[in-house]
Amino acid sequence: MVLTKLKEEDPETYSKITSFIELIKIDDVIKDRYSILFLFDLFSLFERGVLNIDTVMHEVKFLEGVEDTSRTKEASEFRRPPLQGLWHKHYFDGSL
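Residues numbered from 1 in each chain as written. Predicted model: local features only at pLDDT ≥ 70, side-chain atom pairs only at ≥ 80, totals over all residues. Heavy atoms only, no water.

Draft legend 1. Region of interest: the packing of aromatic side chains. One pass over the structure, following the stated rule, counts two aromatic pairs. Summarising the aromatic geometry, the rings of F20 and F43 are spaced 5.5 Å apart at their centres and angled 65° between planes, so their arrangement reads as edge-to-face. Highlighted residues: F20 in helix α2 (residues 11-24) and F43 in helix α4 (residues 36-47), separated in sequence by 23 residues. Owing to a relative accessible area of 3%, F20 belongs among the buried residues under this scheme. Taking relative accessible area as the criterion, F43 reaches 10% and is therefore assigned buried. (Phe/Tyr/Trp six-rings, centres within 6.5 Å; stacked < 30°, edge-to-face > 60°. Helix = DSSP H or I, 4+ residues; strand = E, 2+ residues; numbered from the N terminus. Buried < 20%, exposed > 50% of the residue type's maximum accessible area, 1.4 Å probe, protein only.)

Here it is as C-alpha cells:
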C-alpha cells in the first residue's frame, strides 16, 4: 500500500526503491514479511553510503536458514511492549 502510494506521488523514488529491492533480493528471502520501515531504513543508509547492505542481508539470510553461520551473537526476543514478539539481531560490518 505504501509503495503503491509512493508510485503515484513520487515515481522516481519508487523506481529507486524497487530497483533496490531487486538488487538486495530481499523478496527471495523474506517476501511479504518485512516492514516498509525496515526497507526504507536499509534504502536510506545504502543511498547515503553508510551501510554495507550485504552484512545486514547475511544476518537476515541466517535467521531464515539460508546461511549456515552468523557473524554475531544470537538473536534475542523483545519481551516488553511495544516490541514484544519481535526479535533483535546484530549485524557486523567490518568496514567500520
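Draft legend 2. Fine view of a nonpolar patch on the surface. Together, V2, I36 and L37 make up a nonpolar patch on the protein surface, roughly 240 Å² of accessible area in all. Mapped onto the fold, I36 is located in helix α4. (Patch = residues over 30% accessible without salt bridge, like charges linked within 9 Å, V, L, I, M, F, W, Y side chains within 5 Å. Areas by Shrake-Rupley, 256 points an atom, 1.4 Å probe, with all protein chains shown as cover. Salt bridge = Lys/Arg side-chain N within 4 Å of Asp/Glu carboxyl O.)

Draft legend 3. Highlighting the nonpolar core. In this structure, F20, I24, L42, I53 and M57 are the most contacted members of the largest nonpolar core, which totals 16 residues. Among the secondary structure elements, those contributing two or more residues to this core are α2, α3 (26-30), α4 and α5 (53-63). Contacts of F20, omitting those with residues within four sequence positions, involve L39, L42, F43, F46 and I53. (Core = buried A, V, L, I, M, F, W, Y, C linked by side-chain atoms within 4.5 Å. Contact = heavy atoms within 4.5 Å.)

Draft legend 4. Focus on the packing of helix α1 (residues 2-9) against α2. Contact pair α1 / α2: the axes reach a minimum separation of 6 Å and the direction vectors enclose 135°. Looking at the two axes, α1 sits oblique to α2. Of the residues in α2, those in contact with L3, L6, K7, E8 and E9 of α1 are P11, T13, Y14, I17 and I21. In terms of residue class, the contact of α1 with α2 is made up of six nonpolar, one polar and three charged. (Axes fitted to C-alpha atoms, helices over the stretch in contact; angles between N-to-C directions. Parallel < 35°, antiparallel > 145°, perpendicular 65-115°, else oblique. Nonpolar A, V, L, I, M, F, W, Y, C, P; charged D, E, K, R; others polar.)

Draft legend 5. How the structure looks around the confidence of the model for the protein chain. Residues of the protein chain with pLDDT of at least 70 account for 99%, and the chain-wide mean is 94. α2 holds the highest mean pLDDT among the elements of the protein chain, 97, whereas strand β2 (residues 87-88) holds the lowest, 92. (pLDDT = per-residue confidence, 0-100.)

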